[in-house]
Amino acid sequence: MESLFNLKYIIGSVLYSLIGIVILVISFWVIEKITPENLWKEIIVNHNKALAIIAAAFIIAIAIIIASAIHG
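First things first, this report covers the structure right here in the doc. (Residues numbered from 1 in each chain as written. Predicted model: local features only at pLDDT ≥ 70, side-chain atom pairs only at ≥ 80, totals over all residues. Heavy atoms only, no water.)

## Remarks on the overall build of the protein
Spelled out, the test is: Helix and strand assignments follow DSSP, with helices taken as H or I runs no shorter than four residues and strands as E runs no shorter than two, numbered in order from the N terminus. Here the radius of gyration uses the C-alpha set of atoms, whereas the globule reference equals 2.2 Å times the residue count to the power 0.38.
A count of helices and strands for the protein gives 3 helices and 0 strands. Traced from its N-terminal end to its C-terminal end, the protein shows the element sequence α-α-α. Relative to its length of 72 residues, the protein is extended, with a C-alpha radius of gyration of 17 Å against a globular reference of 11 Å. Taken along the three principal axes of its C-alpha coordinates, the protein extends 60 × 20 × 20 Å.

And the structure:
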């Protein structure tokens, strides 16, 4: 009987998760650099809710793409 927790699968899941998070952060940083305004300042200081929704939609979309690529 195999072990309930196989170390190979746990390490693979953690590794792919970290790679996905790094790709997500890098893609958000690229979007931050190519937009004319500072997204973080616009959302936090100026309370721009529309921009916050766009940024959240972008993050969710990139996360779905990364998850699909990892899952196969």
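## Section: the packing of helix H1 (residues 7-34) against helix H3 (residues 49-71)
For clarity, the cut-off: Axis definition: a line fitted to C-alpha atoms, over the contacting stretch in the case of helices. Angles run 0 to 180 degrees between N-to-C directions. In this scheme, a crossing is called left-handed if the near helix is turned counterclockwise away from the far one by less than a right angle; it is called right-handed if the turn is clockwise. Every residue pair with non-hydrogen atoms within 4.5 Å of one another is taken to be in contact. Residues are sorted three ways: Asp, Glu, Lys and Arg are charged, Ala, Val, Leu, Ile, Met, Phe, Trp, Tyr, Cys and Pro are nonpolar, and all the rest, Gly among them, are polar.
Between H1 and H3, whose axes approach to 10 Å, the crossing angle comes to 145°. The two elements H1 and H3 meet at a crossing, and its hand is right-handed. Here Tyr-16, Gly-20, Ile-23, Leu-24, Ser-27, Phe-28 and Ile-31 of H1 lie close against H3, whose contacting residues are Ala-55, Phe-58, Ile-59, Ile-62, Ala-63, Ile-66 and Ile-70. Taken together, the residues of the contact of H1 with H3 sort by class into 12 nonpolar, 2 polar and no charged.

## Quick look at a nonpolar patch on the surface
We count it as follows: Residues form patches when they are more than 30% accessible in relative terms and have no salt bridge. Like charges link within 9 Å. Nonpolar side chains (Val, Leu, Ile, Met, Phe, Trp, Tyr) link within 5 Å. Computed by Shrake-Rupley with a 1.4 Å probe, the accessible areas treat only the displayed protein chains as cover when residues are assessed. One side-chain nitrogen of Lys or Arg within 4 Å of one carboxyl oxygen of Asp or Glu is enough to make a salt bridge.
A cluster of nonpolar side chains, Phe-5, Leu-7, Ile-10, Ile-11, Val-14, Leu-18, Ile-21 and Val-25, forms an exposed patch at the surface whose accessible area comes to about 810 Å². Structurally, Ile-11 can be placed in helix H1.

Geometric descriptors of this kind do not, in isolation, establish any biological role.
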